Amino acid sequence: MDVPYIDWEYYSSLFDNITDEAAFNRAYAKASAYMDRRTAMRTREFMNAYDEENATMFQKGTAQAIKMTMCELINSISAQETSGMGTGIASVSNDGYSESYKITTAAEKEAQLLSIMRSGLSGTGLAGAL
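Residues numbered from 1 in each chain as written. Predicted model: local features only at pLDDT ≥ 70, side-chain atom pairs only at ≥ 80, totals over all residues. Heavy atoms only, no water.

(A) Structural view of helix α5 (residues 106-121). The terminal C-alpha atoms of α5, which comprises 16 residues, lie 22 Å apart, in line with the 22 Å expected from a rise of 1.5 Å per residue. Residues of α5 that are buried: L113, L114, I116, M117 and L121. For α5, the buried positions fall inside an angular range of 150° around the axis, keeping them on one side. Of the exposed residues in α5, the ones pointing more than 90 degrees away from its buried face are A107 and S119. Where α5 is buried, its residues meet α2 (21-38), α3 (42-49) and α4 (57-82). Directly after α5, the chain includes G123, whose backbone phi takes a positive value near 85°. (Helix = DSSP H or I, 4+ residues; strand = E, 2+ residues; numbered from the N terminus. Expected span 1.5 Å × (residues − 1). Buried < 20%, exposed > 50% of the residue type's maximum accessible area, 1.4 Å probe, protein only. Arc of directions from axis to C-beta. Contact = heavy atoms within 4.5 Å.)

(B) A negative patch on the surface, seen in detail. Taken together, the side chains of D7, E9, D20 and E21 make up a negatively charged region of the molecular surface. The residue E21 is located in helix α2 in this model. On the basis of relative accessibility, which here comes to 40%, the residue E21 falls in the partly exposed class. (Patch = residues over 30% accessible without salt bridge, like charges linked within 9 Å, V, L, I, M, F, W, Y side chains within 5 Å. Areas by Shrake-Rupley, 256 points an atom, 1.4 Å probe, with all protein chains shown as cover. Salt bridge = Lys/Arg side-chain N within 4 Å of Asp/Glu carboxyl O. Lys, Arg positive; Asp, Glu negative; His and termini not counted. Charge placed at Lys NZ, Arg CZ, Asp CG, Glu CD.)

(C) Molecular detail of the nonpolar core. Grouped together as the largest cluster of nonpolar side chains are 30 residues, with contacts concentrated most on I6, Y11, F24, I66, M70, L73 and I74. Elements with a minimum of two residues in this core: α1 (8-14), α2, α3, α4 and α5. At seven residues, the largest contribution of residues to this core is made by α4. When neighbours within four sequence positions are excluded, I6 is seen to be in contact with Y11, F24, Y28, K67, M70, C71 and I74. (Core = buried A, V, L, I, M, F, W, Y, C linked by side-chain atoms within 4.5 Å.)

(D) Fine view of the packing of aromatic side chains. Using the criterion set out here, one finds six aromatic pairs in the structure. In textbook terms, an aromatic cluster arises when at least three aromatic residues are bridged by ring pairs, as seen for W8, Y11, F15, F24 and Y28. (Phe/Tyr/Trp six-rings, centres within 6.5 Å; stacked < 30°, edge-to-face > 60°.)

(E) Expanded view of unusual backbone geometry. Positive phi, close to 50°, is recorded for A40, a residue that is not glycine. The topology assignment puts A40 in the loop between α2 and α3. For A40, a relative accessible area of 52% corresponds to the exposed category. Not every positive phi belongs to a glycine, and M41 is a case in point at roughly 70°. Examined against the element boundaries, M41 turns out to sit in the loop between α2 and α3. We classify M41 as partly exposed; its relative accessible area is 33%.

(F) Spotlight on the pattern of salt bridges. In the structure shown here, the tally under the stated rule is three salt bridges. E81 is paired through a salt bridge with K30; the nearest N and O atoms lie 2.3 Å apart. Residue E81 is found in helix α4, and its partner K30 is found in helix α2; the two are separated by 51 residues along the sequence. For K30, a relative accessible area of 44% puts it in the partly exposed group.

Structure (structure tokens):
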């Protein structure tokens, strides 16, 4: 059985970007699938084998890096969805009617997530060919 990267308690103790557990669970499902895919399951395998009691300092640091990277991915995925990123609309004002558009492509959204992973997993040996 796969061990979750993080849970709601861990996330909510560090971040307040998402305030409801159901929204967290939706973003977590997407973020964990993304991390699994982009690391060819290396992060999943590491966390499944991770033993806090017997871990070296490097292993503890790697586990922490994975958890924080997961939090950042969740925040980014949630922000992309709630901001309408990818829809073309950047802002709307109803008072005096005003709309502004920003075209955000799927490639730009992907680049943002990939940048989070490269930065977060750098030095762990898990970033591989990211």
